[in-house]
Amino acid sequence: MKISQYGNGIKSSRIVAAWLFTILAGVLFSCKVSVPHEHDGSSAYNDLLTRGGDSATVAGRYVGLENTINFRDLGGLKTKDGRTVRKGFIYRSDNLSKLETADFDRFNALHIATVYDLRTDHEIEGKEDHLPAHVAYKHTPVVQDNAGEIKGLKKRVLNGEITEQQAKDMTARFYADAVTVNIGNVKDILKQITSSGQPVLYHCSAGKDRTGIISALLLSILNVDRQVIVDDFMVSNYYRRDRAEKTLGKAKLGRIIKPKLNMDAIEVLSTVDESFINATFSAIDSTYGGMEPFIENELGIDKMARKALIERLTY
C-alpha cells in the first residue's frame, strides 16, 4: 500500500510538473511580441535607400560591433546641392558600456579620437563606457538631470503612471526643449564635434533620441534635405528592432507582477517616431524663424564658417 501511494505520489508530481511547464511555456511564448510595422524601421530604411543613396552606401554606414546595436557613420548621405557627407569623420552610437575588449582593434581602425557621452550622471552610473585607453572621453550631457528623472522614468512606467499619450507628449517636449531650453548645451556639443580635426563619436543610452537630435542638426548644417534627415532618424528603429521587441517581451511578462504597466507607453519609449524629430524642427521654425537663422544666430555658425564645414565634411 505504501509503495502504491509512493508511486501515485510520483505520478502526481509529474503531472503537476508537466502542468507547470505547460503554463510557463505558454507564458513565455505569449511574451514573444513584434514591433508594429510603423515602428520596425523597414520603411524608413527603404526610404533612405531611395532618397539618401544607393543600398551599398546606406548599408555601409552601419558599424557592427559586438554589443552595440545602433553604431553608424554619419556620412554617406547626399546633400541638397548634390554633394555627399564624408564617411569616417563623425560616428554615432548607443552607449559603449558593453563594448568588448576583443572589438578594440576594430574600434581603433575607425581612428576615433574622442567620444562624447550625452547621458546624465545618473544614467552613466554602473554603465560607464568601456573604451580603448588612448580614446579621449568627454561627458557632455544634453540635459541636466540632478534629480535622476530620466532614470526614474522607468519606475513610473512600470507603475502604470504614464499613458501612451503622456509618453508621446513627454518625448515630443524633450525633443523641442533640446533646441530651446537646452540650446546652450547643444551648441557646445556641436561646436566640439565640428571643430575636431580627428574622427569623433557621440552617443546617449540607446543612440536614438539625444543622439538622433544631434545627428539631425549636424546633417542640417551640412545641407542635407530635411526628409532625408527624418528617414535617417527613423532608421534607429530598423537597427534597434530586436532590442525593442525584447523590451516589449519583458514588459508583457512583467505585467504579471505589474498589471498597471502600459505596453503602449513602453513601445513609445523603446522606439522613435517622426513626430519626435519633427518636434525639434517645429521648435526651430517657430522659435527662431527656420533652420538657416537658427544655425547662424543660435549655433553661432555664420555663412563663411558653415561653408568651410561643408567643404571639410562633404565632397
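Once that is clear, we can look at the nonpolar core. Ranked by size, the top nonpolar core spans 69 residues in total, and within it Ile-193, Tyr-202, Ile-214, Leu-217 and Phe-294 carry the most contacts. If near-sequence neighbours (up to four positions away) are discounted, Phe-294 is found in contact with Val-179, Ile-183, Leu-217, Ile-284, Tyr-288 and Leu-299. Counting 14 residues, the second largest nonpolar core, distinct from the first, contains Val-63, Leu-65, Phe-104 and Leu-131.

As enumerated under the stated definition, the model contains 16 salt bridges in all. The partner of Arg-92 in a salt bridge is Asp-232, and the shortest N-O contact between them spans 3.8 Å. Taken together, the residues span a long stretch of sequence, with Arg-92 in strand S2 (residues 90-93) and Asp-232 in helix H10 (residues 226-239) at a distance of 140 residues. One salt-bridge network, in which partners are shared between bridges, spans Arg-61, Arg-72, Arg-92 and Asp-232.

Here helix H9 (residues 210-221) spans 17 Å end to end across twelve residues, near enough to the 16 Å set by a 1.5 Å rise per residue. Within H9, twelve of the twelve residues are buried, leaving the element largely enclosed by the surrounding structure. Those residues of H9 that sit buried are Arg-210, Thr-211, Gly-212, Ile-213, Ile-214, Ser-215, Ala-216, Leu-217, Leu-218, Leu-219, Ser-220 and Ile-221.

Now for the sheet that holds strand S3 (residues 114-117). Pairing in this open sheet of five strands is mixed, and the strands run S1-S2-S5-S3-S4 from one edge to the other. In the strand order of this sheet, the two ends are held by strand S1 (72-73) and strand S4 (136-139), each with one partner. Pairing geometry for S3 and S4, over four bridges, is parallel. Bridging from a neighbouring strand, Tyr-116 pairs with Lys-138 of S4.

What follows deals with the pairing of strand S5 (residues 200-203). Residues in a regular strand project their side chains so that they alternate between the two faces of the sheet. The alternating pattern of S5 places Val-200 and Tyr-202 on one face and Leu-201 and His-203 on the opposite face, and all of these are buried. In the sheet, S2 pairs with S5 via four bridges, with the strands oriented parallel. Counterpart to Ile-90 in the pairing with S5 is Val-200. For S3 and S5, the ladder comprises four bridges, and the chain directions are parallel.

With respect to the helices and strands, Ile-221 occurs in helix H9. Residue class for Ile-221 comes out buried when judged on its relative accessible area of 2%. Residue contacts for Ile-221: discarding those within four places in its chain leaves Ile-295, Leu-299, Ile-301, Arg-306, Leu-309 and Ile-310.

Time to look at the packing of helix H13 (residues 274-288) against helix H14 (residues 291-298). Taken N-terminus to C-terminus, the directions of H13 and H14 make an angle of 75°; their axes are 8 Å apart at the nearest point. On the basis of their axis angle, the class for H13 and H14 is roughly perpendicular. Listed contacts from H14 to Phe-281, Ile-284, Asp-285 and Tyr-288 of H13 are Met-291, Pro-293, Phe-294 and Glu-298. When grouped by side-chain class, the residues that make up the contact of H13 with H14 number six nonpolar, no polar and two charged.

Taken as a whole and assessed by the stated rule, the structure comprises ten aromatic pairs. Ring centres of Tyr-62 and Tyr-239 lie 4.3 Å apart, and the angle between their planes is 15°; this geometry places the pair in the stacked category. Highlighted residues: Tyr-62 in the loop between helix H3 (55-60) and S1 and Tyr-239 in helix H10, separated in sequence by 177 residues. Of the residues examined, Tyr-62 reaches a relative accessible area of 28% and is grouped as partly exposed. Ring centres of Tyr-175 and Phe-233 lie 5.8 Å apart, and the angle between their planes is 90°; this geometry places the pair in the edge-to-face category. Of the two residues, Tyr-175 is situated in helix H7 (residues 164-177) and Phe-233 in helix H10; the sequence distance between them amounts to 58 residues. Here Phe-233 falls in the buried class, since its relative accessible area comes to 1%. Following the ring pairs from residue to residue traces out a cluster consisting of Tyr-45, Tyr-62, Tyr-238 and Tyr-239.

Cut-off values and rules
Residues numbered from 1 in each chain as written. Predicted model: local features only at pLDDT ≥ 70, side-chain atom pairs only at ≥ 80, totals over all residues. Heavy atoms only, no water. Core = buried A, V, L, I, M, F, W, Y, C linked by side-chain atoms within 4.5 Å. Buried < 20%, exposed > 50% of the residue type's maximum accessible area, 1.4 Å probe, protein only. Contact = heavy atoms within 4.5 Å. Salt bridge = Lys/Arg side-chain N within 4 Å of Asp/Glu carboxyl O. Helix = DSSP H or I, 4+ residues; strand = E, 2+ residues; numbered from the N terminus. Expected span 1.5 Å × (residues − 1). Pairing = 2+ DSSP bridges. Axes fitted to C-alpha atoms, helices over the stretch in contact; angles between N-to-C directions. Parallel < 35°, antiparallel > 145°, perpendicular 65-115°, else oblique. Nonpolar A, V, L, I, M, F, W, Y, C, P; charged D, E, K, R; others polar. Phe/Tyr/Trp six-rings, centres within 6.5 Å; stacked < 30°, edge-to-face > 60°.

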